[in-house]
Amino acid sequence: MADKILKKEDLAKLIASVTGKGGRFVAPTTAARQIVFKKVSKAEEIAPDYILARNSFKEFLFPQTEVIAEFTVCKDTVDMRGVEVEAPETVVFGARPCEAASLAGMRALFTWDFVDEFFTKRDDNTVVITVGCTKGDEACFCTSVNLSPESTEGADVYMRETEDGGYAVQALTDKGKKFVAAHAAVFSEGSAKARALFMPEKVPGVDLKKISERLKDKSHYDNPVWKKLAMKCIGCGACTFVCPTCRCFDITDEGTAFEGERRKNWDSCQYDSFTLHASGHNPREHQPQRWRNRFMCKFNFYPEKFNSKGCVGCGRCIRVCPVRLDITDVMQEFSK
Amino acid sequence: MENTLRQKAKDLLASGEVKVVIGWGWNRTKTRTTPVFITDPAEVDQLVWNPLCVNNLSVYLTRKFKDIQALGKPAIVAKGCDIKNIVVLITEAQLKREDVHIIGVACEGVVYKQELWQGQLKPEIMPTKCHNCDVRNPHVADFVVGGKSTFTPPDEPAGMVFSKIKELDSKSSSERWAFWINEFSRCIKCYACRQVCSLCYCERCITEKNMPQWIETSAHPRGNLSWNLIRAMHLVGRCTFCGECERACPVNIPLNLVNQKMIMVVKDSFDFKSGYDEKVHPPMIVFSPDDKESFIK
Ligand code: SF4
Ligand code: SF4
Ligand code: SF4
Ligand code: SF4
């Protein structure tokens, strides 16, 4: 049920209202011949007609690289200093229902045995506005992981495009309701006819329960099927970097011999160095084993440990993969 | 053509001459091609050849792919441009000529990216390499599939990459710097460009050497610039302009410009082009007493 209407011409006012209060407005825009989430300042910058952005909006909560401490090496000690978390008020507009559903897993991980304030402070200051999809492509498979363009998991505000180019607005969470109230002047009362949603076809034969059961039984570890499916993987990691739910990182020190900064950088389980031990031993020596980990993470670790989705069916990994390794093929295989 | 290809693959596997055929096949929905590894003669029908066969499969011949090497001697289906990379691998002692069976395919071009395909190969969806290709008829192969191509490349290289290089060359160095800093600013340090490249075969890339860390792994401007420079420098005189790095780059960094510019510099300075003759060594690794430069003497 829509509570409010955002008229087409009022989107610009919403952006002005957010940025006027010092917030950043993040939306899908066109850059370097792609749709990407970026900070925008004008309504015209927002891509009018997109399926979904190449990146997920995770980089605004969990940046690709960030300084988490600074250090100076002194004669007998190392002086280590914390840094303030930069957590500007942020509005993510035009996220898709699939990627918003990734937030539950992110939150679970970053508050699990340690509260990572670099994530939580940003998350607290971010309002996620999803817009139901009216368009999709053959890589979309949200409907095979129990989601759909109507899903509201992770969204603070859910919108549907209307026939007249505006949006029907539904505030869901407290944060979302506060947001709509804070910018009340921009929204209107009334109703408008919503455009039809795009429903991706289900991947034939996929059964999440079956997948999860099969993955629980560790005998699949040495199943030759991993080789069969993932031998072509070149280990580039592109799939993990564009994935909204992947959140592995590496800690690295940079600087001169005497002073520098400690950084938290995105990492990927698809790299051979990811599990390389100092001894030289690598428990995941072969690429199919790394791929097995990626699949396990999405369909076993996250559902089991955090009761959340490890894969939201956005299809980004399929689109970017240079060898067209399709995760839905693996889902099919493990549904048998 | 596909029938000849499949028959050849079948014969090679059945006779035991090779243990695996590395080629292209369809994905599940038959909308994209994807690499396939055929070990069973009964499965050769998976092999396809069409303008969507963009992948340069020679990457699978490199030492990183231990699982594939464990299968035994490979045959590889390769376009002329892919064969150039195989030639470089042989020149650089990564592979012996007799250790790979090359099934060359006569080629009339491929798409720049598979998602551009709409059922027809039009010049505007082909990469610059195809418009200037002098190896449409495979130059090094054990067997060639398909009829001879009659295409002759233009005298003056043409296409987007060359026009853009010309445009950049006419700019001042500070404008060029600004152009590249802006392009590299998008880099997400995924290293897809490295992984997809058959000539980036080092088992431990310099970016992974961290005692000391030569190349910062952070995707900040300094880290991105140093990574992209080192990738470029390590491919001077070696890169064949196959274009895989640019195709794989998820953020559309125009790596083909860097690569082609290096090729032009090497051609001008050393009259050398990589990938044509496995017996000729690239200029960066040979010393010749009559080198026109004197600094080394
Ligand atoms: S695994 Fe692929 S489809 Fe699933 S959430 Fe990640 S990028 Fe999207
Ligand atoms: S994008 Fe494809 S090739 Fe690259 S790591 Fe992921 S599955 Fe492997
Ligand atoms: S460069 Fe030549 S051999 Fe390679 S795909 Fe294009 S036309 Fe074919
Ligand atoms: S593929 Fe593109 S984004 Fe990835 S490391 Fe290479 S240049 Fe950077």
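Note that the structure is a prediction, hence the values are computed from the model and not measured.

*Asks:* Quick rundown of the site of ligand 4? Include the residues and the values.
*Replies:* All names here are of chain B. Surrounding ligand 4, one finds 13 residues, the nearest of these being Cys187, Cys190, Tyr191, Cys193 and Cys249. At the level of elements, helix 7 (192-195) and helix 8 (221-233) are the ones that each hand at least two residues to the shell around ligand 4. When its residues are assigned to classes, the shell around ligand 4 shows 11 nonpolar, 1 polar and 1 charged.

*Asks:* Could you give an account of the packing of helix 3 (residues 103-110) of chain A against helix 4 (residues 117-124) of chain A, with specific residues and numbers?
*Replies:* Residue and element names in this part refer to chain A. One can describe the packing of helix 3 onto helix 4 by two numbers: an axis separation of 9 Å at closest approach and a directional angle of 140 degrees. The pairing of helix 3 with helix 4 is recorded here as oblique in orientation. Helix-helix and strand crossings are classified by hand; for helix 3 and helix 4 the assignment is left-handed. Where helix 3 approaches helix 4, its residues Met106, Arg107 and Phe110 are matched on the opposing element by Phe119, Thr120 and Asp123.

*Asks:* Could you give me a rundown of the interface of chain B and chain A, with the residues and numbers involved?
*Replies:* On the side of chain A, 33 residues touch chain B, which itself brings 39 residues to the contact. For the pair chain B and chain A, the two sides together bury roughly 3,000 Å², of which 49% comes from carbon and sulfur. Glu254(A) is paired through a salt bridge with Arg222(B); the nearest N and O atoms lie 3.7 Å apart. Summed over the shared surface of chain B and chain A, the number is 20 residue pairs in polar contact (both at pLDDT 80 or more). For the side of chain B that touches chain A, the secondary structure elements donating two or more residues are strand 2 (33-38), helix 2 (66-69), helix 7 and helix 9 (244-248) of chain B. Residue contributions to the side of chain B that touches chain A peak at 4 residues, all from strand 2 of chain B. Along the lines of polarity and charge, the residues of the side of chain B that touches chain A split into 16 nonpolar, 12 polar and 11 charged.

*Asks:* Could you give an account of the domain arrangement of chain B, with specific residues and numbers?
*Replies:* All names here are of chain B. With domains assigned, chain B is organised as domain 1 (2-145) and domain 2 (161-285). Of note, the centres of domain 1 and domain 2, computed from C-alpha atoms alone, are 24 Å apart. Between domain 1 and domain 2 we count 3 salt bridges in total. Close ionic contact of lysine 66 with glutamate 203 constitutes a salt bridge, the shortest N to O distance being 2.6 Å. Seen at the junction of domain 1 and domain 2, the total is 17 residue pairs in polar contact (both at pLDDT 80 or more). Looking at the side of domain 1 that touches domain 2, the elements that each hand over two or more residues are helix 3 (80-91) and helix 4 (128-131).

Reading guide: rules and limits
- Per chain, residues are indexed from 1 in the order of the written sequence.
- Here the convention is simple: chains get letters from A, ligands get numbers from 1, in the order in which they are written.
- Per-residue local features are limited, in this predicted model, to residues with pLDDT of at least 70; the limit for side-chain atom pairs, both in listing and counting, is 80 or more; totals at the level of whole chains, interfaces and linings are taken over all residues.
- Side-chain measures were taken over the full set of non-hydrogen atoms in the model, leaving aside hydrogen atoms and water.
- One heavy atom within 4 Å of a molecule or strand makes the whole residue count as near it.
- Numbered from the N terminus, helices here are DSSP runs of H or I no shorter than four residues, and strands are runs of E no shorter than two.
- Three categories are distinguished: nonpolar for Ala, Val, Leu, Ile, Met, Phe, Trp, Tyr, Cys and Pro, charged for Asp, Glu, Lys and Arg, and polar for the others, with Gly belonging to the last.
- Helix axes are fitted only over the stretch in contact, all axes being lines through C-alpha atoms; the angle between N-to-C directions runs from 0 to 180 degrees.
- Roughly parallel here means an angle under 35 degrees, roughly antiparallel means over 145, roughly perpendicular means 65 to 115, and every remaining angle is called oblique.
- If you view the pair so one helix is near and one far, a crossing is left-handed when the near helix is turned anticlockwise from the far one by less than a right angle, and right-handed when it is turned clockwise.
- The contact rule is simple, with two residues in contact once any of their heavy atoms fall within 4.5 Å.
- Accessible area that two parts lose when put together, evaluated with a 1.4 Å probe and summed over both, is termed the buried area.
- Any carboxyl oxygen of Asp or Glu within 4 Å of a side-chain nitrogen of Lys or Arg constitutes a salt bridge here.
- Any N or O atom pair separated by 3.5 Å or less is treated as a polar contact, with the protein-specific requirement of one donor-capable and one acceptor-capable atom, and with residues adjacent in sequence counted only for side-chain atom pairs.
- The domain boundaries here were taken from an automatic or database domain assignment.

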